[in-house]
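Residue strings, one per chain:
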Amino acid sequence: MIRAAVLPAVGAPLEITGIELPEPGPGQVRIRLAAAGVCHSDLSLSNGTMRVPVPAVLGHEGAGTVVSVGEGVTHVAPGDGVVLNWAPSCGACHPCSLGEVWLCVNALNGAANVHARAADGRALHPGLNVAAFAEETVVAAPCVLPVPEGVPLTDAALLGCAVLTGWGAVHHAARVRQGETVAVFGVGGVGLATLQAARIAGASTIVAVDVSPEKEELARAAGATEYVVASETTAREIRKLTGGHGVDVAVECVGRAVTIRTAWESTRRGGRTTVVGIGGKDQQVTFNALEIFHWGRTLTGCVYGNSDPAVDLPVIAGHIRDGRFDLGALVTERITLDGIPGAFDAMLAGKGGRALVVF
Ligand SMILES: [Zn+2]
Ligand SMILES: [Zn+2]
């Protein structure tokens with residue numbers, strides 16, 4: 001029996017409870033978790049904004065040590081440190097054949113599997129494939145990547161979602177160039193990673209925007225040169241900070257219509273807005289036809305940072321080893337499994353950066 005955070009049904013509170021985990025079958029890997037980050041997507045799964053089969057063990061951002069491997073697994077061995085990748089690509093579908101592995105149509109097939117049993121025998125699904133809110137988990141081999149050399153195992157948990165997403169939003173989706181100005185909306189785990197990525201990209205002015213005035217220090221430590229508390233005048237304030245033009249690039253890490261619209265309005269004529277936040281169907285963003293023409297701006301979505309973890313993790317690890325990317329600066333709270341419901345409440349209240357479950 002191992003302990004895990006189980007979502008019994010959409011909208012129900014998480015249960016921190018014992019589960020039975022089988023030994024890894026062919027092509028599977030069993031991992032003892034070292035740490036797991038609490039991501040806003042876990043909250044979105046629990047309240048139904050995003051859907052996976054339930055009951056499910058949530059948690060999709062984690063790292064740990066390989067306990068055992070099933071038949072045919074050769075890229076990792078017991079004792080290896082690994083990062084979990086919740087969106088493994090199949091290599092065979094149409095997006096994969098185009099090299100857009102982050103759009104793989106088969107990435108979440110594993111969510112339908114039964115990977116464990118509750119103490120009362122109920123079948124449990126692995127949330128977003130990896131069920132990281134548990135002392136141990138069993139995942140498909142493509143969901144594990146070796147921890148890059150020089151990255152501490154606990155901190156490596158953040159690589160699997162927040163860091164790849166923020167890194168990729170800046171370097172792949174928005175393609176921020178040296179000297180450009182950037183605004184980042186939402187200073188949570190992904191927002192903080194995005195700020196650090198913008199700093200590494202050589203952005204000149206980096207504006208962080210959040211509803212909370214309390215995150216300024218956190219944002220500045222991650223690379224923000226300016227801090228704006230979100231209000232009706234945010235776009236005007238950002239234009240004022242950029243010589244009246246607006247920023248070259250806005251990255252929206254919230255997933256709300258009003259924030260997406262403000263991010264778009266904060267960019268210069270010809271500017272680019274990348275939406276990383278995941279919102280609900282009720283969030284309708286409206287534009288009039290004349291302004292789309294007049295401003296000549298670009299608005300794009302971004303999935304998992306448009307990243308290929310196998311390619312991007314070694315690059316990010318280089319920046320971590322050289323001290324340019326600070327994983328520890330993303331974590332504002334270290335908690336146990338029992339602290340996850342509290343971390344959800346803090347996210348709803350807009351508090352803090354990343355809460356990290358340390359096992
Ligand atoms: Zn996530
Ligand atoms: Zn694919």
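Residues numbered from 1 in each chain as written. Chains lettered and ligands numbered in written order. Predicted model: local features only at pLDDT ≥ 70, side-chain atom pairs only at ≥ 80, totals over all residues. Heavy atoms only, no water.

Would you explain the overall build of the protein chain in this entry?
If you tally the helices and strands in the protein chain, you get eleven helices and 18 strands. Here the C-alpha radius of gyration of the protein chain, 20 Å, is about what a compact globule of 359 residues would show, namely 21 Å. When the backbone C-alpha atoms are referred to their principal axes, the protein chain occupies close to 60 × 40 × 40 Å. Across the protein chain, contacts joining residues at least 24 apart in sequence account for 69% of those joining residues at least 6 apart. By element, 53% of the accessible surface of the protein chain is carried by carbon and sulfur atoms, the whole surface being about 14,600 Å². (Helix = DSSP H or I, 4+ residues; strand = E, 2+ residues; numbered from the N terminus. Rg over C-alpha atoms; globule rule 2.2 N^0.38 Å. Contact = heavy atoms within 4.5 Å. Areas by Shrake-Rupley, 256 points an atom, 1.4 Å probe, with all protein chains shown as cover.)

I'm lost on the coordination of the zinc ion (ligand 1) in this one. Help?
Reference values for coordination geometry: four tetrahedral donors around a metal ideally subtend 109.5 degrees, six octahedral donors ideally subtend 90 or 180 degrees. For the zinc ion (ligand 1), the protein coordination sphere consists of Cys-39 (SG), His-60 (NE2) and Cys-161 (SG), at 2.1 to 2.2 Å. Here the donor residues for the zinc ion (ligand 1) map to a single chain with the spacing C-x20-H-x100-C. Within this pair, whereas Cys-39 is found in the loop between strand S3 (28–38) and helix H1 (40–47), its partner Cys-161 is found in the loop between helix H3 (153–156) and helix H4 (162–173), the two being separated by 122 residues in sequence. Overall, the relative accessible area of 3% leaves Cys-39 in the buried class. Classification of Cys-161 by relative accessible area gives buried; the value is 5%. (Donors = N, O, S within 2.8 Å, 3.2 Å for Na, K, Ca; no water. Buried < 20%, exposed > 50% of the residue type's maximum accessible area, 1.4 Å probe, protein only.)

Got a minute to help me understand the coordination of the zinc ion (ligand 2) in this structure?
Summarising the metal site, the zinc ion (ligand 2) is bound by the protein donors Cys-90 (SG), Cys-93 (SG), Cys-96 (SG) and Cys-104 (SG), whose distances to it range over 2.3 to 2.4 Å. If you look at the zinc ion (ligand 2), its four donor atoms make angles of 104 to 120° with each other, and the shape they trace is tetrahedral. For the zinc ion (ligand 2), all donor residues lie on one chain, and their spacing in sequence is C-x2-C-x2-C-x7-C. The exposure class assigned to Cys-90 is partly exposed, which follows from its relative accessible area of 38%. (Tetrahedral: all angles 85-135°; square planar, octahedral: opposite > 155°, others 65-115°.)

Would you take a moment to explain the pattern of salt bridges for this structure?
Proximity of charged atoms lets side chains of opposite charge pair with each other. Summed over all chains, the structure comprises 15 salt bridges. The closest approach of N and O atoms between Asp-120 and Arg-122, which form a salt bridge, is 3.2 Å. In this structure, Arg-220 and Glu-216 form a salt bridge, with 2.8 Å as the shortest nitrogen-oxygen distance. Placement of the pair is Arg-220 and Glu-216 together in helix H6 (residues 216–221), with a separation of four residues, close to one helical turn. Residue classification places Arg-220 among the partly exposed positions, given a relative accessible area of 36%. One connected set of salt bridges, linked through shared partners, spans Glu-23, Arg-30, Arg-32 and Glu-136. (Salt bridge = Lys/Arg side-chain N within 4 Å of Asp/Glu carboxyl O.)

So what exactly am I meant to see when it comes to the state of the cysteines here?
Put plainly, a disulfide is one covalent bond tying together the sulfur atoms of two cysteines. According to the stated counting rule, one finds zero disulfides in the structure shown. Here Cys-143 stays unpaired: no disulfide links it, and the sulfur of Cys-104, its closest cysteine neighbor, is 11 Å away. By relative accessible area, Cys-143 is classed as buried at 2%. (Disulfide = S-S within 2.5 Å.)

Would you take a moment to explain the sheet that holds strand S7 (residues 116–118) for this structure?
Hydrogen bonds along the backbone pair up the strands of a sheet, which may run parallel or antiparallel. The sheet built from five strands is open, its strands ordered S4-S1-S2-S7-S8 with antiparallel pairing. On the outer flanks of this sheet lie strand S4 (56–57) and strand S8 (123–124), each paired with one strand and no other. In terms of strand pairing, strand S1 (residues 2–7) meets strand S2 (residues 15–20) through five bridges, oriented antiparallel. By the bridge assignment for S2, Ala-5 is matched with Ile-16. (Pairing = 2+ DSSP bridges.)

Quick question: what am I supposed to make of the packing of aromatic side chains here?
Where two aromatic rings form a pair, the distance of their centres and the angle of their planes describe that pair. All chains considered together, the criterion is met by two aromatic pairs. Summarising the aromatic geometry, the rings of Trp-86 and Tyr-304 are spaced 4.7 Å apart at their centres and angled 35° between planes, so their arrangement reads as tilted. Taken as a pair, Trp-86 in the loop between strand S6 (81–84) and helix H2 (94–97) and Tyr-304 in the loop between strand S16 (298–301) and helix H10 (309–321) lie far apart in primary sequence, 218 residues in all. Neither Trp-86 nor Tyr-304 differs from the other in exposure class; each is buried. When the centroid spacing of 4.8 Å and the interplanar angle of 70° are considered together, the rings of Trp-264 and Phe-287 count as edge-to-face. Residue Trp-264 is located in helix H8 (residues 257–265), and its partner Phe-287 is located in the loop between strand S15 (267–275) and helix H9 (289–295); the two are separated by 23 residues in the primary sequence. Among the residues examined, Trp-264 registers a relative accessible area of 4% and is labelled buried. When its relative accessible area of 28% is taken as the criterion, Phe-287 is described as partly exposed. The ring of Trp-264 has Arg-297 sitting right over it, with the charged end atom 4.5 Å from the ring centre. Cation over ring: Arg-297 sits above Trp-295, and NZ or CZ is 4.0 Å from the ring centre. (Phe/Tyr/Trp six-rings, centres within 6.5 Å; stacked < 30°, edge-to-face > 60°. Lys NZ or Arg CZ within 6 Å of the ring centre and 35° of its normal.)

I'm lost on the environment of His-171 in this one. Help?
With respect to the element layout, His-171 can be found in helix H4. Sequence separation between His-171 and Ala-201 is 30 residues; the distance between their C-alpha atoms is 7.3 Å. Every residue in contact with His-171, bar those within four places of it in the chain, is listed here: Ala-197 and Ala-201. Polar contacts involving the side chain of His-171 include one to the main-chain carbonyl oxygen of Ala-197, which spans 3.3 Å. (Polar contact = N/O pair within 3.5 Å; in protein donor to acceptor, adjacent residues only side chain to side chain.)

Please explain H10 as it appears in this structure.
Since one α-helical turn is 3.6 residues long, residues separated by three or four positions face the same way. For H10, spanning 13 residues, the distance from its first C-alpha to its last is 17 Å, which sits close to the expected 18 Å at 1.5 Å a residue. Within H10 the residues assigned to the buried category are Pro-309, Asp-312, Leu-313, Ile-316, Ala-317, Gly-318, His-319 and Ile-320. One or two steps after H10, the chain reaches Gly-323, where phi turns positive at roughly 80°. (Expected span 1.5 Å × (residues − 1).)

How should the nonpolar core be read in this particular structure?
Within soluble globular proteins, side chains that are nonpolar generally end up buried alongside one another. The biggest cluster of nonpolar side chains holds 96 residues, and the ones touching the most others in it are Val-38, Leu-159, Leu-195 and Ile-340. Per-element accounting of this core gives the leading share, seven residues, to helix H5 (residues 189–200). Both of domain 1 (2–160 + 326–358) and domain 2 (164–303) provide at least three residues apiece to this core. Core analysis: the next-biggest nonpolar cluster, separate from the first, contains twelve residues, Ile-2, Leu-124, Ala-134 and Val-138 among them. (Core = buried A, V, L, I, M, F, W, Y, C linked by side-chain atoms within 4.5 Å. Domains from an automatic or database assignment.)

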